[in-house]
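What follows is the residue order along each chain.
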Amino acid sequence: MSHSTEHKGHQQTLGEQLQFRLLLSVAFCWAFIGAVLCRLTFQSVAHAAPGESCFQAAKKAAYGVIPYAFMRV
């Protein structure tokens, strides 16, 4: 009986990992598009450090937003 509960817990963890990766990729795409658009229109990205690339700014934004999706209220 313990094998079934361990296996079920592992599936849930694997499912949560897949959800995290999917949400991270979607958030990264949105943040990257926003960073590129800001760069093309000569606006500063709000959370980017001077000289930071669009990729780095998008990665920072995605990792900053995703934990809020997994908060339990």
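Above this text is the structure in question.
Cut-offs and rules
Residues numbered from 1 in each chain as written. Predicted model: local features only at pLDDT ≥ 70, side-chain atom pairs only at ≥ 80, totals over all residues. Heavy atoms only, no water. Helix = DSSP H or I, 4+ residues; strand = E, 2+ residues; numbered from the N terminus. Contact = heavy atoms within 4.5 Å. Areas by Shrake-Rupley, 256 points an atom, 1.4 Å probe, with all protein chains shown as cover. Buried < 20%, exposed > 50% of the residue type's maximum accessible area, 1.4 Å probe, protein only.

Glancing now at the overall build of the chain. Regarding its fold elements, the chain presents two helices and zero strands. In the chain, once contacts between residues fewer than 6 apart in sequence are set aside, the share between residues at least 24 apart is 57%. Split by element, the accessible area of the chain, about 6,100 Å² in all, is 67% carbon and sulfur.

Right, let's get into the environment of Val36. Mapped onto the secondary structure, Val36 falls in helix H1 (residues 2–40). Exposure remark for Val36: the relative accessible area of 27% places this residue in the partly exposed category. In this structure the C-alpha to C-alpha distance between Val36 and Ser53, which are 17 residues apart in sequence, comes to 9.3 Å.

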